[in-house]
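Listed here are the chains, written in short residue letters.
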Amino acid sequence: MKLTLKVWRQAGPNVAGALESHVLDGVEADMSFLEMFDMLNEELTMAGKEPVAFSHDCREGICGSCAMMINGQAHGPWKGAAACQLHMRAFKDGDEIVVEPWRATAFPIVKDLVVNRGSFDRIIQAGGYISVNTGGARDANEILIGKDTVEHAMDAAACIACGACVAACPNASASLFTGAKITHLGDLPQGQPERDKRALAMVEQMDIEGFGHCTLVGECQEACPKEISIDVIRRMNRDYIVASAKREEPRAVAGSS
Amino acid sequence: MLDLNAKIPAGPLEAKWDQHRFSMKLVNPANKRRHHVIVVGGGLAGASAAASMAELGYRVSCFVYHDSPRRAHSIAAQGGINAAKNYQNDGDSIKRLFYDTIKGGDFRAREANVYRLAQVSVNIIDQCVAQGVPFAREYGGLLANRSFGGAQVSRTFYARGQTGQQLLIGAYHSLERQVALGNVQQHTYEEMLDVVLVDGRARGIVTRNLQTGAITSHAADAVVLATGGYGNVFYLSTNALLCNATAIWRAHKKGAAFANPCYTQIHPTCIPVSGEHQSKLTLMSESLRNDGRVWVPLARGDNRAPGAIPEAERDYFLERKYPSFGNLAPRDIASRAAKEACDDGRGVGPGGLGVYLDFADAIKRLGQQVVAERYGNLFDMYQRITDENPYKQPMRIYPAVHYTMGGLWVDYNLMSTIPGLHVAGEANFSDHGANRLGASALMQGLADGYFVLPNTIGDYIASNKMAPVDVSQPAFKEAEADVRAGQQKLLDIRGKRTVDSIHKELGQIMWNKCGMARTREGLQEALQLIPALREEFWSNVNVPGSGDTLNQSLEKAGRVADFLELGELMCRDALHREESCGGHFRVEYQEEGEAKRNDDEFAYVAAWEYAGAGATPILNKEPLVYETVHLSTRSYK
């Protein structure tokens, strides 16, 4: 098939960018969306031009590298799939496809379609972990966790940190990402001791990074390639409110009773 | 010649690691702060090593070329991680995991390393659960297990089909916690391009910042490479596209021996190639062989739809040839059997390069819902790629390059032949011999990072007095200048071919001559073709753009340049090893279609020493001494 691509080109972080048009002929239905980009880049290179920079790696929907706004949809038209899993049979001959980077203050553009998602690492650094050093763990089967509980935690833990939720959100909120981590760890018995602290710190870090607030629009769960439910945001809000309330209570002084 | 002292501790196999931990020197807690360790790579081995050493008190710097360590290719591992917990009461033990791994590796791995791996496997599961890894559970709340190839016990722990992801996230959480505590400096978008030696020891690295192009040096007391395998030398593999050999190859050129480069794992169950445009191959987890049955039509050229072929006209070739292991035969054996069936003209799908993996029986027995619970995400992945529904018709699969057992030679302490340069995970050669069992890569990466390196690096630091170094020293400046010159050379060629087109050509040579079946003739031919292609690359490649910005073509070109050298060494190694063992199948050496080892002449590790540009590399041999295991012909029949 023959397609017209309009691709965002931007030479660096602090320069203006623009959409650039390319006509691509001979695209096959079995190609993945990124293989179509490979084809474009081979043609650009042969024509003496610079290829389009885009993030990618595993090409099987798990590393979370790919980040493309395809015709206004994060990761394109297929539900529950990252851009690398989208195949060209989703399009037809003569289609025009607009491809842009994730747009969010907290994801600065590096070049063309590549954005820097280091802000996600910093949200995790704020408290997205269980504080346990290597070596001291007790036998794994001593911690009993019900099947339903672990499956629920796994639904949230499946997040690949691609940032589609942020890109799809009109407020560029990272609530689905942060809520998923708070749910994953907060569901499990191992995550209880730090549950309050974790919710407070991660939510505060989200604000510091410049992500917007959640207004429950729901675009995030529609865009999520792992189909993480917006319920994780309810969980985040609950944990945050509970932890905030506890924080305001005056603490008993040791031995005062 | 190199001194290949593996430093295997004396004493009975079961006591070696304990004894060694006792005899190793310790660094006192206050002094650990004064020592700096560089870890290159943030996958399972790298992240676990960096976090664990930081917890001990060392200053650690961790370098990754992604925007976050959580994107390392460990994340793509699907099926699971082995551990000798014997939670299923099915006769498992440390000794059995040890023996299965040695046997699975076709008796080409070091006993002491493998035994230690089996020992610490149980600690890995405890550690991961404590971190919050959501392993699958039974209704009573205990951990669940599944079976994997090459074993008759059920010892694989898993988190749906995303075990690698969950284990990596666990290690990543620990790493980020140490970053927050200020114990780890995390450098993202930094690709290591050289290792720096001072007084014969690894004392630092040179990196390029992929966003800005800045080339900088970093000094340390010890360096760890945890940079993964080199399967992408074949162009098409199940590896992520950025996976490369540059870190280990440049270390090799600085003096680190490269061990068993020809040992490549071809995974039997991958989605077949669909066309010229193919950029990578997608794995369908080995766990599918728990319930899926592999077959081809009995008759050649049988073009009927799979459902129209009656039971009696199907050949369930793994069950037929290996009745005791059936569909769970090890990877090398299952791959060769599939190739044999296709070479016999009985393959299915486009070009006859495929065999069926059929779930009809499992769906009949368990119901579609149970099958979906176990493998749903893999079935969805398959359908997206092929546009075929595996609940309704069998999957088509074909072998593909998946893992490299070879890597930098390391001793029992995971130190290479360059003092101070340690190598962990897939980047080293240590534990899998000539074939790796399923669910053992995750185990090895985490064993190295959580439990081995934090001990052995302390011993290295405590045992060696090292003068302070800083990056203004000439060794660093020279290495930086070399890196800059190499990069400029690539940018100046401005030829007519793209990097990818040359990489593809290399991949075809490697797959045809050094893939699933290797011959003397073919390998000799490859040793002519690869240098010629390398010449073509250095005179006619086109790397657009400049070095001082994000330039993905330049990154790729540097990696392919290294593959063009490594590929030649792989063929040389495959040619010299005149036997068949594990993933290395030399057509000349077989018995009734099975690999025929030659223990008298080849029971050694081949550690190749770099001899300079254009010079023939030097072969060093580390004999494999088996104190406990009796060398036998591997049988899964």
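For the structure, check the block above.
Everything numeric here is computed off the predicted structure, so don't read it as measured data. (Residues numbered from 1 in each chain as written. Chains lettered and ligands numbered in written order. Predicted model: local features only at pLDDT ≥ 70, side-chain atom pairs only at ≥ 80, totals over all residues.)

Engineer: Can you lay out the overall build of chain A for me, pointing to particular residues and giving the numbers?
Structural biologist: Scanning chain A for helices and strands turns up eight helices and seven strands. Principal axes of the C-alpha set define a box for chain A whose edges measure 80 × 40 × 35 Å. Each of the 257 residues in chain A was classed as buried or not, and the buried ones make up 52%. Sequence separation of at least 24 residues holds for 72% of the intrachain contacts in chain A that already meet a minimum separation of 6. (Helix = DSSP H or I, 4+ residues; strand = E, 2+ residues; numbered from the N terminus. Buried ≥ 20, exposed ≤ 12 C-beta atoms within 10 Å, placed from the backbone. Contact = placed C-beta atoms within 7 Å.)

Engineer: Lay out the interface of chain B and chain A in plain terms, naming residues and giving numbers.
Structural biologist: Across the contact, 61 residues belong to chain B and 65 residues belong to chain A. Its residues assigned to classes, the side of chain B that touches chain A comprises 22 nonpolar, 25 polar and 14 charged. (Nonpolar A, V, L, I, M, F, W, Y, C, P; charged D, E, K, R; others polar.)

Engineer: For helix H9 (residues 331-343) of chain B, give the residues involved together with the corresponding values.
Structural biologist: All names here are of chain B. Between its first and last C-alpha atoms H9 spans 18 Å; for 13 residues at 1.5 Å apiece the expected length is 18 Å, and the two agree. Most of H9 is tucked away, with 11 of its 13 residues classed as buried. Within the sequence span of H9, burial applies to Arg-331, Asp-332, Ile-333, Ala-334, Ser-335, Arg-336, Ala-337, Ala-338, Lys-339, Ala-341 and Cys-342. Taken together, the buried residues of H9 touch strand E11 (264-270), strand E12 (293-297), helix H8 (317-321), strand E14 (355-358) and strand E15 (395-404). With its phi angle positive at about 85 degrees, Gly-345 sits one or two positions after the end of H9. (Expected span 1.5 Å × (residues − 1).)

Engineer: Which residues make up the packing of helix H14 (residues 499-514) of chain B against helix H15 (residues 520-540) of chain B, and what values do they have?
Structural biologist: Residues and elements named next belong to chain B. Running from amino to carboxyl end, H14 crosses H15 at an angle of 170 degrees, the nearest separation of the two axes being 10 Å. One finds that H14 runs roughly antiparallel with respect to H15. Packed against H14, whose contacting residues are Ile-502, Glu-505, Leu-506, Ile-509, Lys-513 and Cys-514, the element H15 presents Gly-522, Leu-523, Glu-525, Ala-526, Leu-529, Ile-530, Leu-533, Glu-536 and Phe-537 at the interface. Residue composition of the contact of H14 with H15, by class: 10 nonpolar, one polar and four charged. (Axes fitted to C-alpha atoms, helices over the stretch in contact; angles between N-to-C directions. Parallel < 35°, antiparallel > 145°, perpendicular 65-115°, else oblique.)

Engineer: So what's going on with the sheet that holds strand E13 (residues 314-315) of chain B? Residues and values would help.
Structural biologist: All names here are of chain B. Taken in spatial order, the five strands line up as E11-E15-E14-E12-E13 in an open sheet, and their pairing is antiparallel. The strands lining the two open edges of the sheet, one partner per strand, are E11 and E13. In terms of strand pairing, E14 meets E15 through three bridges, oriented antiparallel. Residue pairing for E15: Tyr-356 is matched across the bridge by Arg-396. H9 rests against E11, E12, E14 and E15 of the sheet, and its axis sits at about 65 degrees to E11. (Pairing = 2+ DSSP bridges.)

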